[in-house]
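Tertiary structure, described
Each chain, written out:
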Amino acid sequence: MSEKIPIGEKVLMKGNEAIGEAAVQAGCRAFFGYPITPQNELTAYMSKRMLEEGRVFIQSESEIAAINMCFGAATVGERSMTSSSSPGISLKQEGISYMASAELPVFYVNVNRGGPGLGNISPAQSDYFQATRGGGHGDYRVIAFGPSDVQELYDFTMLGFDLADKYRNPAMILADGILGQMMEPLVLKPYEPIPDLPSKQPWRLGDPSTPDALLITSLILNPGGMEERNFMLQKKYETIIENETRYEEVMTDDADVVIVAYGTASRIARSVMETAREEGIKVGLFRPITIWPYPYDPLNKLADRVKNMLVVEMSLGQMWEDVRLAVEGKARVHLHARTAGGVPVQTEIIRDLKKVLASKDGEIVRNF
Amino acid sequence: MGTTQMKQVFGMPEAMKAEGRFYCPGCGHGIVHRLVSELVDEFGVRERTVGIAPVGCSVFADLYWNFDVVSAAHGRAPAVATGITRANPNVVCVSYQGDGDLAAIGTAETIHAANRGESFVTVFVNNAIYGMTGGQMAPTTLIGQKSTTCQLGRDPAIMGYPIRVCELLQTLGGVAFLARGVVDSPKNVLTVKKYLKKAFQYAIDKKGYTLVEIVSPCPTNWGMTPPEAMDWLQNNMLDYFKPGVYRDIGEEATVEVEPGN
Ligand SMILES: Cc1ncc(C[n+]2csc(CCOP(=O)(O)OP(=O)(O)O)c2C)c(N)n1
Ligand code: SF4
């Protein structure tokens, strides 16, 4: 079957399936998942592709079981993956926290839907806090990508596996139903691991080449031991911040106002920018690509020149908080937010951009 | 001066660490840990064995076992064991769990691992109480038995009935071996070892899910001396948790893991 996958070529694919194929190409050994809309295409795709490749696919009894199966696979040094949507990702937080603490790699995908609670199956970005603040209990972080097209879903899946292995830390993609379900052309790039991926041989369990008894645990009871591990993890997070922060700036040089948006919201922002510029409004776009680590410093620098920013997000001010943190009061940060299936509309954003440009010192424009 | 030939007749298994001294006097966990270590040696699989320490008193199993150990989240050991053995089928995996871990918070993981016929050894220590957290009611606490969260005794009208795990799992298609033993005498300890040996053999041969339940004392949280605890176990637990083999598909057979089986 793999011959039928035209690696290296441009194809048309659904976002969810592009993630799946990237995982297969990146050597994902086991996929564990539980059905939930709007990520079902991914589980279905993996159920077929993994078995074709002679690898492991299990439809688990719950999301809790799925992430703990990933935990198991990670302890023996194999690449594994799980995916879900918001309520299921909440259940996975137990396992993710354990893996962050035990320094086990895993790659997972949240195809975000409307919340809180059972919410709805419409697109949203309302799991931003969960994705960027760790998500479960304890002091930890996960590497989180906020891709904005199908190509990026593919590319960052491969990179996600690599970075998870490199830093021995969970890595994830925060997508939404629009990205997951839309068809778009992409190039099925062959998998090329990042340089210097460390070997797992020294720490993986059940490997006869390391006969000494090894222990993987997130339990440290000796006085000071757990705090010490936390400080060690923080050091690692600082390295990740230094090396892995990714963002894109578009036409910010002459901008009077910059839209800050990621994922689906940034696609809309991009077309807003083009239309608004035709109307003579000088708009730029700042797009975080990693939402953790967040590009605080570049945004802070941008705020030296640009005094008005409009955050466009599909959550009610979650990323707005990060932008305000980033600019440290040097710019006014306005908000255009929709959620739970409410998708930002171009004309309404342009209306708010005009309000921003007409606003007085100290005034904050918000759409709700 | 003549020399006397000394022959060692009893010693520490290679798969056991000397420093394991954690459990209370009269606790069953230490005996069961040792049986696991002896079998790891006997099967010659120490270097490819992964033990799972659960959440419960036996979270400290790594202090006893001289092979690789991972500590799982509470109740999730069967899912972790599934991930381990599916991702690397060469690994011999022992999922060691208490009654709270296996039959309360981890019930779903247990039933579904059993139903899928996952090939790892489940060692299930049933001491009818939550040991580590200080003696709360367990899913296996007997009717009338007192604990810190059923101080007047377990009342089934409010708290339900003690769960018999072997009987519960008996109907599932993926199960290859189920047995219940008790660590109350040298003879019965040897029977437990015999059960565990079969479970190891089936797990190594990928024959399906195996579980050995071990009725075991927790003198500390039963509020008894070790001899009293053993008496109480024999006079109360064994009537309800009857020792014996509950399923054995036989050496030749392999479980058919099919829905509806
Ligand atoms: C999610 C979660 N809930 C609760 C606990 C607290 N806890 C620790 S051990 C334990 C019970 C263990 O009892 P059992 O499984 O019977 O094992 P024993 O200690 O008796 O060997 C509980 C509830 C926990 N660690 N994690
Ligand atoms: S509390 Fe009970 S189960 Fe825990 S070590 Fe002591 S006797 Fe054993």
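Residues numbered from 1 in each chain as written. Chains lettered and ligands numbered in written order. Predicted model: local features only at pLDDT ≥ 70, side-chain atom pairs only at ≥ 80, totals over all residues. Heavy atoms only, no water.

Another aspect to go through is the domain arrangement of chain A. Residues and elements named next belong to chain A. Partitioning chain A into structural domains gives domain 1 (10–244) and domain 2 (249–358). Put simply, the middle of domain 1 and the middle of domain 2, counted by C-alpha atoms, are 28 Å apart. Taken together, the 35 residues of domain 1 in the interface contact 27 residues of domain 2. Between domain 1 and domain 2, roughly 2500 Å² of surface is buried when both sides are summed, and carbon and sulfur atoms account for 55% of that area. Scanning the region where domain 1 abuts domain 2 turns up three salt bridges. One salt bridge in this structure joins E184 and R267, with 2.6 Å as the shortest N-O distance. Our count for the contact surface shared by domain 1 and domain 2 stands at 17 residue pairs in polar contact (both at pLDDT 80 or more). Taken together, the elements giving at least two residues each to the side of domain 1 that touches domain 2 come down to α5 (128–132), β6 (143–145), α6 (150–167), β7 (170–176), α7 (177–181) and α8 (225–244). (Domains from an automatic or database assignment. Contact = heavy atoms within 4.5 Å. Buried area = accessible area lost by both parts, 1.4 Å probe. Salt bridge = Lys/Arg side-chain N within 4 Å of Asp/Glu carboxyl O. Polar contact = N/O pair within 3.5 Å; in protein donor to acceptor, adjacent residues only side chain to side chain. Helix = DSSP H or I, 4+ residues; strand = E, 2+ residues; numbered from the N terminus.)

With that settled, the discussion passes to the site of ligand 2. Residues and elements named next belong to chain B. All residues adjacent to ligand 2 are Y23, C24, C27, H29, C57, N127, C218, P219, T220 and N221. Residue contributions to the shell around ligand 2 peak at three residues, all from helix α8 (residues 219–222). Residue composition of the shell around ligand 2, by class: six nonpolar, four polar and no charged. (Near = heavy atom within 4 Å. Nonpolar A, V, L, I, M, F, W, Y, C, P; charged D, E, K, R; others polar.)

Residues and elements named next belong to chain A. Applying the stated criterion to the full structure yields 38 salt bridges over all chains. The partner of K236 in a salt bridge is E103, and the shortest N-O contact between them spans 2.8 Å. Taken together, the positions of K236 in helix α8 and E103 in the loop between α4 (86–102) and β5 (106–112) put the pair 133 residues apart, joining distant regions of the chain. Each of the two residues, K236 as well as E103, counts as buried. Between R287 and E152 there is a salt bridge; the shortest N-O distance is 2.7 Å. Highlighted residues: R287 in strand β12 (residues 283–288) and E152 in helix α6, separated in sequence by 135 residues. (Buried < 20%, exposed > 50% of the residue type's maximum accessible area, 1.4 Å probe, protein only.)

As a further point, take the side chain of R287 of chain A. Residues and elements named next belong to chain A. We classify R287 as buried; its relative accessible area is 3%. Among the polar contacts made by the side chain of R287, one reaches the side chain of S148 at a distance of 3.1 Å. At 2.7 Å, the side chain of R287 forms a polar contact with the side chain of E152. Aside from chain neighbours lying at most four places away, what touches R287 is G146, S148, E152, Y247, E248, A261, Y262, S266 and R270.

So, about unusual backbone geometry. Residue and element names in this part refer to chain A. For the peptide bond that leads from G115 to P116, omega is 0°, which places it in the cis range. If you trace the backbone, P116 turns up in the loop between β5 and α5. Each neighbour pair has its own omega, and for W292 with P293 the value is 0°, a cis peptide bond. Structurally, P293 is set in the loop between β13 (290–292) and α10 (296–305). In the Ramachandran plot, D196 falls in the positive-phi region, its phi being about 60° despite a non-glycine side chain. Relative to the elements of secondary structure, D196 occurs in the loop between β8 (183–187) and β9 (215–216). Unlike most non-glycine residues, E328 shows phi in positive territory, near 45°.

The subject of this paragraph is the site of ligand 1. Residues and elements named next belong to chain B. Around ligand 1, a shell composed of 16 residues is seen, among which H29, C57, D99, D101 and G131 lie nearest. The separation between an oxygen atom of ligand 1 and a polar side-chain atom of H29 is 2.9 Å. One of the backbone nitrogen or oxygen atoms of G100 is found 3.0 Å away from an oxygen atom of ligand 1. Bound to the protein, ligand 1 loses 76% of the 590 Å² it would expose on its own. (Areas by Shrake-Rupley, 256 points an atom, 1.4 Å probe, with all protein chains shown as cover.)

Where α10 of chain A is concerned, the buried positions are P298, L299, N300, L302 and A303 of chain A. For α10 of chain A, the elements touching its buried residues are β10 (247–250), β11 (257–260), β12, β14 (308–313) and α11 (318–327) of chain A.

Moving on to the packing of aromatic side chains. The tally for this structure, following the rule as stated, stands at 18 aromatic pairs over all chains. Between the aromatic rings of F107 of chain A and F161 of chain A, the centroid separation amounts to 5.0 Å while the plane-to-plane angle is 40°, which identifies the pairing as tilted. Taken together, the positions of F107 of chain A in strand β5 and F161 of chain A in helix α6 put the pair 54 residues apart, joining distant regions of the chain. No difference in accessibility class separates F107 of chain A from F161 of chain A, as the two residues are buried. Ring-pair connections join several aromatic residues into one group, and the members of that group are F22, Y23, F60 and Y64 of chain B. Here R366 of chain A stacks its cationic end above the ring of F368 of chain A, 4.6 Å away from the centre of that ring. In this structure, R164 of chain B is placed above the aromatic ring of Y240 of chain B, and the distance from its NZ or CZ to the ring centre is 3.7 Å. (Phe/Tyr/Trp six-rings, centres within 6.5 Å; stacked < 30°, edge-to-face > 60°. Lys NZ or Arg CZ within 6 Å of the ring centre and 35° of its normal.)

Take the interface of chain A and chain B next. Contacts between the two partners involve 33 residues from chain A and, on the opposite side, 34 residues from chain B. Both sides together, the interface formed by chain A and chain B hides about 2500 Å², and carbon and sulfur atoms give 61% of it. Taken as a group, E61, G206 and A213 of chain A account for 20% of the area that chain A buries against chain B, more than any other trio of residues on that side. Taken together, the links from chain A to chain B amount to two salt bridges. Measuring nitrogen to oxygen at the nearest pair gives 2.7 Å for the salt bridge that ties E94 of chain A to R76 of chain B. Counting across the chain A and chain B interface gives nine residue pairs in polar contact (both at pLDDT 80 or more). Broken down by secondary-structure element, the contributors of at least two residues to the side of chain A that touches chain B are β3 (56–59), α3 (63–75), α4 and β9 of chain A. At eight residues, the largest contribution of residues to the side of chain A that touches chain B is made by α3 of chain A. Here the residues of the side of chain A that touches chain B sort into 19 nonpolar, seven polar and seven charged. One ladder, built from two bridges, connects β9 of chain A with strand β2 (residues 68–71) of chain B; its direction is parallel. Bridge assignment links I216 of chain A to a residue of β2 of chain B, and that residue is V70 of chain B. (Pairing = 2+ DSSP bridges.)

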